[in-house]
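Commentary on secondary and tertiary structure
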Amino acid sequence: MYITLDGVSRQYGSVWAIDRVTMGIARNEFVSLLGPSGSGKTTLLRIIAGLERPSQGRVLIDGVDVTELPPHKRGVAMVFQEFLLFPHRTVWENLAFPLRMLKLPAAEIEERVRWVVGILSLGGLEKRYPNQLSGGQQQRVALGRGLVGRPKALLLDEPLANLDRELRQEMEVEIRRHQTALGIPFIYVTHNQEEALSMSDRIAVVRRGRIEDFAARTEIYDRPKTAFIAQFVGRSNRFEGTADAGGNRLATRCGARLALPAPGLTPGSPALAFIKNEKLRLDAAGTGAASGPNRIACTVKDVILRGAYADYILAFGERELNASRPRSERSFLAGEPVLASFAPGDIDVFDEKGEQAA
Ligand SMILES: Nc1ncnc2c1ncn2[C@@H]1O[C@H](COP(=O)(O)OP(=O)(O)OP(=O)(O)O)[C@@H](O)[C@H]1O
Ligand SMILES: [Mg+2]
């Protein structure tokens, strides 16, 4: 592994902001640290950068133990949410700044700045000041300032949080392309699951200073390992219930009956199940058997058009269910009775502790 965290912890007072994190990141990998506010993402990134010392554990980069090394000797660069551009310096000078700090010869500074101006499409903007740039352009300059020193790894802390949605989605594609072209690891901190899912090879879900799971993005989304991940990644319907005698059915509190893909629950024990909104299939009421496990007769309460798909809010007794269907399918109107159904394999089930059960 190109970057290794080995039993890294960080204590602030009596709080363990990072708690025994061990993980490895490959040379050409795009990894996201995804987690809610306060989970420890920034602290972990700062420990890798050398801006923060771990209370315990080691950080290795390219086979070298850098735990005791200051940031500028680690060969990694960091890009922040606030961009942190110098307001009174031009784009060119902002980009040249890290190289001047390294006291590189003028010709090399010139060459490297021209290189980042090229790859980041900043040509023509070199003489402007940051306040004469759009948000996306400022973000590119910040990215360029990280890349100009040809780092061994780039660490990014919510760099797109200040951009509007459309620009953010464009930048996601762009950032991923730079990572692929440069062939260095990018470690990307975000609380935004869409960003993590769109760019990453692997996602580390951070919760209370620990890595809840570190796996391929499809794995994190399609086969969440814990109830926390099922709840945090994607949008889903949550069911609480009790396992039946065979351990393969769940009688939920709201009255729905779920047939699970395999027995795995302790009979009679409490359990949690999640079904992603897009896994709820909708049919007109009256088509096929109305009752039975994994079929829920409900009424459309609201329809929210999203463009390519529609979100349905469904009334089922006292509770609401959420379904998301492509607009190419038959649509339903508010007030219509519908049958929501799903396959056993689309149910993510967890025991009381939130651990995978089936
Ligand atoms: N310098 C510090 N002194 C004391 N506590 C700190 C310090 N820095 C961070 N913490 C605490 O450590 C925990 C993790 O903070 P961190 O900034 O890493 O979270 P985060 O996941 O980046 O959150 P956010 O998404 O809000 O940026 C929090 O409980 C925070 O209050
Ligand atoms: Mg943070």
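Scroll up a little and you will see the structure.
The structure reproduced in this document is the subject of the present report. (Residues numbered from 1 in each chain as written. Chains lettered and ligands numbered in written order. Predicted model: local features only at pLDDT ≥ 70, side-chain atom pairs only at ≥ 80, totals over all residues. Heavy atoms only, no water.)

Attention now moves to helix H3 (residues 106-119). Compared with an ideal rise of 1.5 Å per residue, which puts 14 residues at 20 Å, H3 spans 20 Å between its outermost C-alpha atoms and is within 8% of the ideal. Listing the buried residues of H3 in full gives Ile 109, Arg 112, Val 113, Val 116 and Val 117. For H3, the angular spread of buried residues about the axis comes to 140°, placing them on one side. Residues Ala 107, Arg 114 and Gly 118 are exposed on H3 and point more than 90 degrees away from its buried face. Packed against the buried residues of H3 are helix H2 (91-101) and helix H4 (135-147). (Helix = DSSP H or I, 4+ residues; strand = E, 2+ residues; numbered from the N terminus. Expected span 1.5 Å × (residues − 1). Buried < 20%, exposed > 50% of the residue type's maximum accessible area, 1.4 Å probe, protein only. Arc of directions from axis to C-beta. Contact = heavy atoms within 4.5 Å.)

It is worth spelling out the sheet that holds strand S11 (residues 236-243) at this point. Strands pair in a sheet through their backbones, by hydrogen bonds, and they do so in one of two ways: parallel or antiparallel. If you trace the five strands from one edge of the open sheet to the other, you get S13-S12-S11-S14-S20, paired in antiparallel fashion. Unpaired on one side and paired on the other, strand S13 (257-259) and strand S20 (347-351) mark the two borders of the sheet. Put simply, the sheet's adjacent strands are angled 35° from each other on average, direction ignored. In this sheet, strand S12 (residues 249-252) lies alongside S11 in antiparallel orientation, the contact comprising three bridges. For Ala 243, the partnering residue across the bridge sits in S12 and is Leu 250. (Pairing = 2+ DSSP bridges. Axes fitted to C-alpha atoms, helices over the stretch in contact; angles between N-to-C directions.)

In this section: the nonpolar core. Leu 95, Val 113, Leu 143, Leu 154, Ile 175 and Phe 186 are the most contacted members of the largest nonpolar core, which has 33 residues in total. Looking at this core, the elements that each hand over two or more residues are strand S6 (76-80), H2, H3, H4, strand S7 (153-157), helix H5 (165-182) and strand S8 (186-190). Looking at which element gives the most residues to this core, the answer is H2, with five residues. Residues contacting Leu 154, with those up to four places away along its chain left out, are Ala 77, Met 78, Val 79, Leu 143, Gly 146, Leu 147, Ile 184, Pro 185, Phe 186 and Ile 187. (Core = buried A, V, L, I, M, F, W, Y, C linked by side-chain atoms within 4.5 Å.)

The next thing to look at is the packing of aromatic side chains. Per the counting criterion, the structure on display carries six aromatic pairs. Arranged with centres 5.9 Å apart and planes meeting at 70°, the rings of Phe 274 and Phe 350 form a pair that is edge-to-face. In this pair, Phe 274 is assigned in strand S14 (residues 270-276) and Phe 350 in strand S20, connecting sequence segments 76 residues apart. One exposure class covers both Phe 274 and Phe 350, and it is buried. On the numbers, 6.1 Å between centres and 70° between planes, the contact of Tyr 312 with Phe 332 is edge-to-face. Taken together, the positions of Tyr 312 in strand S17 (residues 309-316) and Phe 332 in the loop between strand S18 (319-326) and strand S19 (337-341) put the pair 20 residues apart, joining distant regions of the chain. Each member of the pair Tyr 312 and Phe 332 is classed as buried. In this structure, Arg 145 packs its charged tip against the face of Phe 86, placed 5.4 Å from the ring centre. Above the face of the Phe 214 ring, Arg 202 is positioned so that its terminal group lies 3.9 Å from the ring centre. (Phe/Tyr/Trp six-rings, centres within 6.5 Å; stacked < 30°, edge-to-face > 60°. Lys NZ or Arg CZ within 6 Å of the ring centre and 35° of its normal.)

Taken together, Tyr 12, Ala 17, Pro 36, Ser 37, Gly 38, Ser 39, Gly 40, Lys 41, Thr 42, Thr 43 and Glu 158 make up the full set of residues near ligand 1. Measuring from an oxygen atom of ligand 1, one finds a side-chain N or O atom of Ser 37 at 2.5 Å. At a separation of 2.7 Å, an oxygen atom of ligand 1 approaches a polar side-chain atom of Lys 41. Contact with the protein chains hides 56% of the accessible area of ligand 1, taken as 630 Å² for the molecule alone. In terms of residue count, the dominant contributor to the shell around ligand 1 is helix H1 (residues 41-49) (three residues). The residue inventory of the shell around ligand 1, partitioned by class, reads three nonpolar, six polar and two charged. (Near = heavy atom within 4 Å. Polar contact = N/O pair within 3.5 Å; in protein donor to acceptor, adjacent residues only side chain to side chain. Areas by Shrake-Rupley, 256 points an atom, 1.4 Å probe, with all protein chains shown as cover. Nonpolar A, V, L, I, M, F, W, Y, C, P; charged D, E, K, R; others polar.)

By themselves, these are just geometric observations and shouldn't be taken as functional.
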